[in-house]
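# Descriptive analysis of the structure
Here is what each chain is made of, one letter per residue.
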Amino acid sequence: MRFYYLKGYTYNELKNLIKNILTKDNSNLNENFFDYRVDQVFNWIYKKYEENIDNFSNLSKNFREFLKNSFKMNSLEIYDIKFSKYNDSIKFLFKTEDNEYIESVLMKHPDRYTVCLSTQVGCNVRCVFCASGINGVKRNLELSEIIDQFFLIQKFIYLKENKRVSNIVYMGMGEPLFNYENLIKSLEIFTHDKAFNISNRNITVSTSGVVDKIYSLADEKFKVKLAISLHSPFEHKRQKLIPLAKKYTIQQILKAVEYYFLKTKKRITIEYILLKGITDTPEDAKELVNLLKNYNFKVFINLIPYNSIGEVYLDSILLEQSDMESINRFYEYVKKYFEVNVRWSLGRDINAACGQLRRNILNTRVN
Ligand code: SAH
Ligand code: SF4
């Protein structure tokens, strides 16, 4: 195994691992012994946010030594923290053990705190409007790295404000469904009652539309919420915006979403980026409504005003945020048919759109 991080295992994996190691020397140990030990370890880490194994005070000294010799604690280091002046979000830039940078955002709503997680270093879907995809993908994140983003942010805000984070969105860097195994294991830890105990209703996985994995996710036990980055109802335009779209048609994706809805009964979020003159015209709005009316799932549309990532062109048109008039016109039209919301990204002053902070680092790094 490449990493041996304590937070890189689900409850059962950790139990089996400890069992395999310890029963080599002592076959008298029974199942309860291991359940109890893993309960204690989970409690220290996920309920008390303790990072020092020496402080796991209700464990025997021998067992603590065993843990210290077998496992490492944190797989990420907090490299930078940026506070939005609007006090609505905090952005964390983390450094991995192999010197990669990933980012996560804590979003503060009056009634809840949400963490936005990354799942890959970079992204190979390469949407034209997204900073995460510019250099393609470096690697998938390890399970411990997904968990540590949440752990370190939760601990930070607990110490600062005594607050618990209740919601998770997989909307940071990377395509979560391309790191499927670790996505599923992270859901196991986030929802586990002995770990973070987050309700599946409060977790949203966002995807650019990896069809086979949407079917797989529908069959998992978690029943989390699904968000689909649609961005255009026109196949041709969508393919230009999202290069991966060539692999899956809009129809294939929305059929898979129907299946997801059938299995989970959870309202589906359709993400739609508003780019001036490209996706925000009355024809786009009309076609979006016509398209979605054909399918059998409950729709919630999130209109996302584009957050500029610099000078980027599509067919020689500069990517720009739609003006207020077009945003309102689009919103008012769609509202007649579906539930819809305009999602202004929190913390615009700290480059809170995914991949932007890492991008700044990569541009300024000397090596
Ligand atoms: N890869 C997944 C999840 C991460 S991206 C996906 O694409 O769904 C999550 C969202 O961030 C996407 O819906 C995308 O529209 C949005 N996003 C990316 N770059 C953006 C930008 N520059 N401005 C506004 N939203 C952006
Ligand atoms: Fe990847 Fe999502 Fe960014 Fe597209 S929007 S490049 S899928 S992270």
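Note that the coordinates shown come from a computational prediction; the quantities given were computed from them, not determined experimentally.

Time to look at the site of ligand 2. Close to ligand 2 lie Cys123, Val125, Arg126, Cys127, Cys130, Gly174 and Ser208, which account for all nearby residues. Across the shell around ligand 2, the residue classes break down as four nonpolar, two polar and one charged.

The immediate surroundings of ligand 1 are formed by 21 residues, with Phe129, Gly174, Ser206, Ser229 and Asn307 found nearest. A distance of 3.4 Å is found between an oxygen atom of ligand 1 and a backbone nitrogen or oxygen belonging to Thr207. Taking Glu271, its side chain carries an N or O atom lying 3.1 Å from an oxygen atom of ligand 1. For ligand 1, the accessible surface in isolation is 540 Å², of which the surrounding protein chains cover 94%. When residues of the shell around ligand 1 are traced back to their parent elements, those giving at least two are β8 (203-207), β10 (268-274) and β11 (299-305).

Our focus in this paragraph is the packing of helix α4 (residues 143-161) against helix α5 (residues 180-191). Close contact between α4 and α5 brings their axes to 9 Å; oriented N to C, the two are set at 40°. Taken together, the axes of α4 and α5 lie oblique to each other. As α4 packs across α5, the resulting crossing turns out to be right-handed. Along the contact surface, α4 presents Leu143, Ile146, Ile147 and Phe150, while α5 presents Asn182, Lys185, Ser186, Ile189 and Phe190. Considered class by class, the residues forming the contact of α4 with α5 number six nonpolar, two polar and one charged.

Let us look at the pairing of strand β4 (residues 112-116). Along β4, four of the five residues are buried, which leaves the element largely enclosed by surrounding structure. As defined by bridge partners, strand β3 (residues 101-109) adjoins β4 across five bridges and the pair is classed as antiparallel. Bridging from a neighbouring strand, Lys108 pairs with Tyr113 of β4. Connecting the antiparallel pair β3 and β4 is a turn made up of two residues. As paired strands, β4 and strand β7 (residues 167-170) are joined by three bridges and run parallel to one another.

Conventions we followed
Residues numbered from 1 in each chain as written. Chains lettered and ligands numbered in written order. Predicted model: local features only at pLDDT ≥ 70, side-chain atom pairs only at ≥ 80, totals over all residues. Heavy atoms only, no water. Near = heavy atom within 4 Å. Nonpolar A, V, L, I, M, F, W, Y, C, P; charged D, E, K, R; others polar. Polar contact = N/O pair within 3.5 Å; in protein donor to acceptor, adjacent residues only side chain to side chain. Areas by Shrake-Rupley, 256 points an atom, 1.4 Å probe, with all protein chains shown as cover. Helix = DSSP H or I, 4+ residues; strand = E, 2+ residues; numbered from the N terminus. Axes fitted to C-alpha atoms, helices over the stretch in contact; angles between N-to-C directions. Parallel < 35°, antiparallel > 145°, perpendicular 65-115°, else oblique. Left-handed = near helix turned anticlockwise from the far one by under 90°. Contact = heavy atoms within 4.5 Å. Buried < 20%, exposed > 50% of the residue type's maximum accessible area, 1.4 Å probe, protein only. Pairing = 2+ DSSP bridges.

This is a description of form; function is not addressed.
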